[in-house]
Amino acid sequence: MAGVVTSAAELVGDRAIGDSGPLGQEVLHVAREQYLEVVALLRDSGFEMCADLCAVDYLDHIERPLPPAVSPERFEIVVNLLSLQRHQRLRLRVQVPESNPVVPTLFHIYPGSENMEREAFDLYGVRFEGHPDLTRILMPDDWEGHPLRKDYSVGRVPVQFKEAPGPR
Amino acid sequence: MSDEELIAETSEGLQELQDLDETSPEELEIERGSALRLPEGLVFDPEDIDVEFGADETMIINMGPQHPSTHGVLRIMLELEGETVLRSKPIMGYLHTGMEKTGEQLTYVQGATNVTRMDYLSPLHNELVYSLAVEALLGIDIPPRATWIRMLMTELNRISSHVMWMATNGMDLASTSMMIYGFRDREMVLSFFEKTTGLRMNHDYIRPGGVAADLPDGWEDDVMAIIDTIPGRVDEYDEMLTGQPIFKQRTEGVGIISPELAVAMSATGPILRASGVAWDLRRDMPYLAYDEVDFDVIVGTVGDTYDRYAVRLNEIRESCKIVRQCVEKMPLGDYRAQDKKVTPPPRARIDESMEALIHHFKIFTRGFEVPAGEVYVAVESPRGELGCYLVADGSNKPYRMHIRGPSFVNLQTLPPLLRGGLIADAIAVISSVDPVMGEVDR
């Protein structure tokens, strides 16, 4: 790399929309269609590791601040890439609509994303197309629903106190 | 109803396995290619499936979830041919308690009590990464003393975690004396934690805005006693294990991972460093004040179980070096930011000031609001990159709190590590990955 640090936004050109927030962390918004292409490009240009992948459910905040060219959707897949040679982090945010929550898998680019994609599928119900083993990882196999979605209630265990007075 | 009728109504036909050559490739993929995938993380290729063994020559057994060497409730499906492990798959989730969901119900003040229970061998690192994420969103500065106290405590925590790993690893490799010694040394560090934070584990000591309390009187002596004792003890363990022929035979050349594969599988921490990649967030992307202390990043050459042992052993020594520098350089001043909205006022102020009482009450009931935004922060925990992705919506609770647990990701390296080894080596390899199930399942 010879010490030349090109910003990731320049690398991917018009395939993604850069949005570096006030916190100084580099963020790219990628459309679902160009997701794989952009990630493969980034991997080849020095981002060797997929450090983290998770999903976010923006059910209560569909109208959140995003760059004007990005149309907000309910789900978001957030991928944190890490470049060991450049000591740089980069975050990709992919909008995933509720009606068709499918994104291509990163498994063939970063095999290390396997467990994280299974976790996102398990807890949010976002499917990763082409994933070799898209099964539940944390919840039991026969579980219904995806517990980290915002419309999945926390649930309570009713507590009955001894000699509790009846309804008043 | 007669027996025949009952059978006719309930039978699902012959329950026999189909011959391998009658099975379609798609079914084969489900049966043998996906559930127990080839370890190289390659795409399934029917040509590639273990041709040397017929379907009836291999055996699939479950190791765990209550096996003593799985360090908790981890189940590993192993495909065996004789005593040789072919493919394997770690199965987790037995300890899943929905802590990320819980984190969305708790205020930012309460959040640290939640995350500290994830990786129960290094609770202070969990609190640290969560606090750093909250502080990044809040945009507040931390007084230097708080930063150095955090460094001191997390490095002591790294010592206790690695010593604990030496203990359990010794147990797995039948060195019971190592186990007793490890627990003894860990207790030294934990009693200092108890003196400082009030608890041996799950401290809730590092909080957004600083730390919960200042170091106790005479802390220098306690810390110096620890770091004067531990290096000598580490030399003893070095002598006891490193050159010992039985230990070397059990670990050398067992479970080798190449640096390329380790990076591709997102492995971090001692696994990555043992394979020869000099990557340590403390040095390469410094947080806190790690750029002001002097320490070495320990790197292995082969990437086997023995290297992972050696990396951890020497990291204990390096942590002692850092702790010593923390004691020498510890600045004076506040141990938490004096931001009335974020940190509670000093106890004495509550008796004399109505505002202080109100702020105190507000912080512990309603908490504080964090401006909307999203942030990813990572620190180097004893097991690797511990990350926290936090989405705030401007309220007093995180909208989304995601913890990237290093053990969760590192467990993916088990299939390539176990492949081709003996089942007895599996014990040594699982131990060398150092999974903490509380963090894997969260």
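Conventions adopted
Sequence order as written defines residue numbering, which begins from 1 separately in each chain. Here the convention is simple: chains get letters from A, ligands get numbers from 1, in the order in which they are written. At least 70 in pLDDT is required for a residue's local features to be given in this predicted model, at least 80 for side-chain atom pairs to be given and counted, and no such filter applies to totals for whole chains, interfaces and linings, which use all residues. Counting from the N terminus, the helices are the DSSP runs of H or I reaching at least four residues and the strands are the DSSP runs of E reaching at least two. For every residue, the other C-beta atoms within 10 Å of its own C-beta are counted; 20 or more classify it as buried, 12 or fewer as exposed, and values in between as partly exposed. C-beta atoms are placed from the backbone. Note that contacts rest on C-beta atoms placed from the backbone: two residues are in contact if these are within 7 Å. Two strands pair if DSSP finds at least two bridges between them. With axes taken as lines fitted to C-alpha atoms, and helix axes fitted only over the stretch in contact, angles between N-to-C directions fall between 0 and 180 degrees. Only buried residues count toward a nonpolar core: Ala, Val, Leu, Ile, Met, Phe, Trp, Tyr and Cys, linked into one set through C-beta atoms within 7 Å.

### Structural notes on the environment of Y376 of chain B
Position of Y376 of chain B relative to the elements: it lies in strand β6 (residues 373-381). Assessed through the 22 C-beta atoms surrounding it within 10 Å, Y376 of chain B is described here as buried. Put simply, Y376 of chain B and L132 of chain B are 244 residues apart on the chain and 9.5 Å apart in space, counted from C-alpha to C-alpha. For Y376 of chain B, the residues in contact, after removing those within four places along its chain, are Q25, D52, N80 and R91 of chain A together with G387 and Y389 of chain B.

### Focus on the sheet that holds β6 of chain B
All names here are of chain B. Strand order in the open sheet made by the three strands is β6-β7-β8, with antiparallel pairing throughout. Each end of this open sheet is capped by a strand with a single partner; those strands are β6 and β8 (398-404). Taking the axes of each pair of neighbouring strands and ignoring which way they run, one obtains an average angle of 15° across the sheet. As judged from the nine bridges shared by β6 and strand β7 (residues 384-392), these two strands associate in the antiparallel manner. Its bridge partner being in β7, E380 is matched across the sheet by E385.

### Some remarks on the nonpolar core
Ranked by internal contacts, the top residues of the largest apolar core, which has 155 residues, are I77, L81 and A120 of chain A together with V129, A133 and L390 of chain B. With 13 residues, the top contributor of residues to this core is helix α6 (residues 144-172) of chain B. The contacts of L81 of chain A, once residues within four sequence positions are left out, are L42, F47, M49, C50, A51, L90 and L92 of chain A.

### Regarding helix α4 (residues 108-115) of chain B
Residues and elements named next belong to chain B. Burial of α4 is extensive: six of the eight residues sit out of reach of the surface. Taken residue by residue, α4 has Y108, V109, G111, A112, N114 and V115 as its buried positions. Of the surrounding elements, those touching the buried residues of α4 are α3 (99-105), α5 (123-138), β4 (206-207), α15 (354-365) and β8.

### Re unusual backbone geometry
All names here are of chain B. Even without being glycine, N202 reaches a positive phi, approximately 50°. Looking at where N202 falls in the secondary structure, it is placed in the loop between α7 (176-197) and β4. Under the C-beta neighbour-count criterion, N202 is labelled partly exposed, with 18 such atoms within 10 Å. The backbone of S266 sits at a positive phi, close to 60°, despite the residue not being glycine. Tracing the chain through its elements places S266 in the loop between α10 (259-264) and α11 (270-274).

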